[in-house]
Amino acid sequence: MRSMSEPTYFILAALLDGPLHGYAIIKRAEEQSGGRVRLAVGTLYGALDRLAGSGLITVDREETVGGRPRRYFRITEDGAEAVTEEARRMARAARIVVGRPGTALS
């Protein structure tokens, strides 16, 4: 499996605790990434469309708030597996460096 982009990783991670609407995904991804991932609305919805097309997320429900439609997205089983595998891949990669004698991280 190819490694996934950081924004994709944090979008999927944001959905692990349950369905969220777009703005909540943006805020959660920024929070969970320590501010590194700051998604523009257009970027987010393009990514959500791509992830839905890949079967990693799906629309959970739609509601109207203040006269505007709000879609909630949820992660699928395939999406949860993909983000979990990516976390494992990154952990394996980190173990190569972290704790190595003579490095600042040991």
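Residues numbered from 1 in each chain as written. Predicted model: local features only at pLDDT ≥ 70, side-chain atom pairs only at ≥ 80, totals over all residues. Heavy atoms only, no water.

Next up on the list: the nonpolar core. The nonpolar side chains of a soluble globular protein tend to be buried, and buried together. The biggest cluster of nonpolar side chains holds 24 residues, and the ones touching the most others in it are Ile11, Leu12 and Ile25. Of all the elements in the fold, those that place two or more residues in this core are α1 (6-14), α2 (22-32), α3 (41-53), β3 (68-75) and α4 (77-97). Ile11 has contacts with Ile25, Leu39, Leu44, Ala47, Leu48 and Leu51, leaving out every residue within four places of it along the chain. (Core = buried A, V, L, I, M, F, W, Y, C linked by side-chain atoms within 4.5 Å. Buried < 20%, exposed > 50% of the residue type's maximum accessible area, 1.4 Å probe, protein only. Helix = DSSP H or I, 4+ residues; strand = E, 2+ residues; numbered from the N terminus. Contact = heavy atoms within 4.5 Å.)

Let us look at the sheet that holds strand β1 (residues 20-21). Spatial ordering of the open sheet is given by β1-β3-β2, a layout of 3 strands whose pairing is antiparallel. Strands at the two margins of the open sheet, each flanked by one partner only, are β1 and β2 (57-65). Here β2 pairs with β3 via 8 bridges, running antiparallel. Bridging across to β3, Arg61 finds its partner in Tyr72. Taken strand by strand, α3 contacts β2 and β3, and its axis lies near 50° from that of β3. (Pairing = 2+ DSSP bridges. Axes fitted to C-alpha atoms, helices over the stretch in contact; angles between N-to-C directions.)

This part covers the pattern of salt bridges. Taken as a whole and judged by the stated rule, the model has 7 salt bridges. Note that Glu30 is salt-bridged to Arg38, the shortest N-O span being 3.5 Å. When its relative accessible area of 63% is taken as the criterion, Arg38 is described as exposed. In this structure, Arg89 engages Glu86 in a salt bridge whose closest nitrogen and oxygen atoms are separated by 2.8 Å. In this pair, Arg89 and Glu86 both sit in helix α4, 3 residues apart, roughly one turn of the helix. Several salt bridges converge on common partners, so that one network encompasses Asp60, Arg61 and Arg74. (Salt bridge = Lys/Arg side-chain N within 4 Å of Asp/Glu carboxyl O.)

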